[in-house]
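Okay, here's what each chain looks like letter by letter:
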Amino acid sequence: VVVVRYFSIVILLTNIFYIVDLSAITLEAGSFRNDQERERFQTLTEKLRCPKCKDRNLAESNAPIAKDLRNQVFIMIQQGKSDTEIVSFMVDRYGDFILHEPALSYLEILALITLSGLFIYFCQLFIRSRQDKKNNGLLD
Amino acid sequence: MAYWIRYLLSMIKIYRIIPLALFLCLFVLLYKLLDTNPTKLPSVLVGREFPIFQLPALKDKNRIVTKDDLRGDIVLLNVWGTWCAYCKYEHKYLMELAKSEDLAIYGLNYRDERSLATQWLNKLGNPYRLIIFDQESSLAVDLGVYGAPETFVIDHNGIIRMRFTGVIDSKVWVREFVPVINEIKGEISVRNDNV
């Protein structure tokens, strides 16, 4: 029982810290001049992926690199850079990977074609074998 | 002649080749997937000129370091920080590499404290000719650095030839770095012959 209680306290504490951390993310970057800039910051950091922790975007991640890049986004917004300029700045340095939806690479296109081709082929085989069975049945 | 070719072609029916073609596609796909390392990011910087920067040196905060300070035919720029545990492990091998005459090893200390970094060097030794102190990660972001240690190889023309993420040891050095360095050495000797 003691162990359970201990664990529940630990979990509660980590949750609290997590919430604090999340609020820190939005505040750390400094103050925005207007709501429009804040919104742009929000959408940009959600659009860009954290290079270190691949399943998260810049807005969600607590990794130091995400912090650096959020800072960079903030500075560039303050400098009056457009969204496309900021995104291409990031892609220029970190590659297509930084975008959550990177352009299809030839490997992915190949995978798509092959797998859909195989799927269609096996579907056809399946249908044909069923038809054959039917026909055989009729003949019998 | 043409008749025979036409006859042969008519013998090969396209739908018969489909499974074979699909199999070949699958083979190529799986083969390519074999050597993709998901933790390795493609560096967009390889083949590009080293970015322009202006940052203080670690040892003397009044000294401004720029791209022109990275002198040497083959420059190794090692990105590190005292917060990075693997950097400590790598440090020994860097000390070893620093003995080599061919290489100019420079350091990029980022997201760090000046005092901690100096302590680290006093304790473990200094393999670097000069260390750039980048507290705000400005050059690190320009280089697309996403962790430490990372090492860049820059050639005699100031072009980034290679970027390596992770710890360098003797095995990694021979496997990853030596081929690139030999290539640059070859180019340098060609240049010297022409002059």
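Residues numbered from 1 in each chain as written. Chains lettered and ligands numbered in written order. Predicted model: local features only at pLDDT ≥ 70, side-chain atom pairs only at ≥ 80, totals over all residues. Heavy atoms only, no water.

Enumeration according to the criterion identifies eight aromatic pairs over all chains in this entry. Relative to F53 of chain B, the ring of F50 of chain B has its centre 6.0 Å away and its plane inclined at 75°; by these criteria the two rings are edge-to-face. With a centroid separation of 5.7 Å and 5° between ring planes, the pair formed by W80 of chain B and Y128 of chain B is classed as stacked. In this pair, W80 of chain B sits in strand 3 (residues 74–80) while Y128 of chain B sits in the loop between helix 4 (114–124) and strand 5 (131–134), placing the two residues 48 residues apart along the sequence. Residue W80 of chain B shares its accessibility class with Y128 of chain B, and that shared class is buried. Here the aromatic cluster, defined as three or more aromatic residues joined through ring pairs, consists of W80, W120 and Y128 of chain B. Sitting above the plane of the F89 of chain A ring, R93 of chain A keeps its charged end 3.7 Å from the centroid. Taking NZ or CZ as reference, R111 of chain B lies 5.2 Å from the ring centre of W83 of chain B, over its face. (Phe/Tyr/Trp six-rings, centres within 6.5 Å; stacked < 30°, edge-to-face > 60°. Helix = DSSP H or I, 4+ residues; strand = E, 2+ residues; numbered from the N terminus. Buried < 20%, exposed > 50% of the residue type's maximum accessible area, 1.4 Å probe, protein only. Lys NZ or Arg CZ within 6 Å of the ring centre and 35° of its normal.)

With that out of the way, let us pick up the pairing of strand 4 (residues 103–110) of chain B. All names here are of chain B. Counting buried positions along strand 4 yields eight of eight residues, so the element is predominantly enclosed. With burial as the criterion, each face of strand 4 is covered, one bearing L103, I105, G107 and N109 and the other bearing A104, Y106, L108 and Y110. Pairing geometry for strand 3 and strand 4, over seven bridges, is parallel. Bridged to L76 within strand 4 is I105. Where strand 4 lies against strand 5, four bridges are found, and the strand directions are parallel. By the bridge assignment, Y110 is partnered in strand 5 with D134. Chirality of the crossover, the property in question, places the unit of strand 4, helix 4 and strand 5 among those that are right-handed. (Pairing = 2+ DSSP bridges. Right-handed = clockwise from strand over helix to strand, strands pointing away.)

In this section: the confidence of the model for chain A. All names here are of chain A. In this model, chain A carries an average pLDDT of 77, and 71% of its residues clear a pLDDT of 70 or more. Highest mean pLDDT in chain A belongs to helix 4 (residues 83–94) (91); lowest belongs to helix 1 (residues 2–28) (55). In the predicted structure, residues 19–27 sits below a pLDDT of 50 and forms seven contacts with residues beyond four places in sequence or in another chain. (pLDDT = per-residue confidence, 0-100. Contact = heavy atoms within 4.5 Å.)

Moving on: the interface of chain B and chain A. Contact residues are listed per partner, giving 27 residues for chain B and 24 residues for chain A. For the pair chain B and chain A, the summed buried area comes to about 2100 Å², and 66% of that belongs to carbon and sulfur atoms. Across the salt bridge formed by D92 of chain A and R48 of chain B, the nearest N and O atoms sit 3.8 Å from each other. Run the count over chain B and chain A and you get five residue pairs in polar contact (both at pLDDT 80 or more). Only helix 2 (14–34) and helix 5 (138–142) of chain B provide two or more residues apiece to the side of chain B that touches chain A. When residues in the side of chain B that touches chain A are grouped by element, the largest group, nine residues, is from helix 2 of chain B. Across the side of chain B that touches chain A, the residue classes break down as 18 nonpolar, five polar and four charged. (Buried area = accessible area lost by both parts, 1.4 Å probe. Salt bridge = Lys/Arg side-chain N within 4 Å of Asp/Glu carboxyl O. Polar contact = N/O pair within 3.5 Å; in protein donor to acceptor, adjacent residues only side chain to side chain. Nonpolar A, V, L, I, M, F, W, Y, C, P; charged D, E, K, R; others polar.)

Residues and elements named next belong to chain B. What the rule picks out here adds up to 14 salt bridges over all chains. We note a salt bridge from K67 to E49, for which the minimum N-O separation is 3.1 Å. A residue pair is termed long-range when its members are at least 10 positions apart, and K67 in the loop between strand 2 (64–66) and strand 3 and E49 in the loop between helix 2 and strand 1 (54–56) qualify at 18 residues. Judged by its relative accessible area of 23%, K67 falls in the partly exposed class. On the basis of relative accessibility, which here comes to 51%, the residue E49 falls in the exposed class. Across the salt bridge formed by R163 and E150, the nearest N and O atoms sit 2.9 Å from each other. On the criterion of sequence distance, the pair formed by R163 in strand 7 (residues 160–165) and E150 in strand 6 (residues 150–154) is long-range, its members being 13 residues apart. Accessibility assignment for this pair places R163 and E150 in one class, buried. Residues joined by salt bridges that share partners form a network here, namely D155, R161, E183 and E187.

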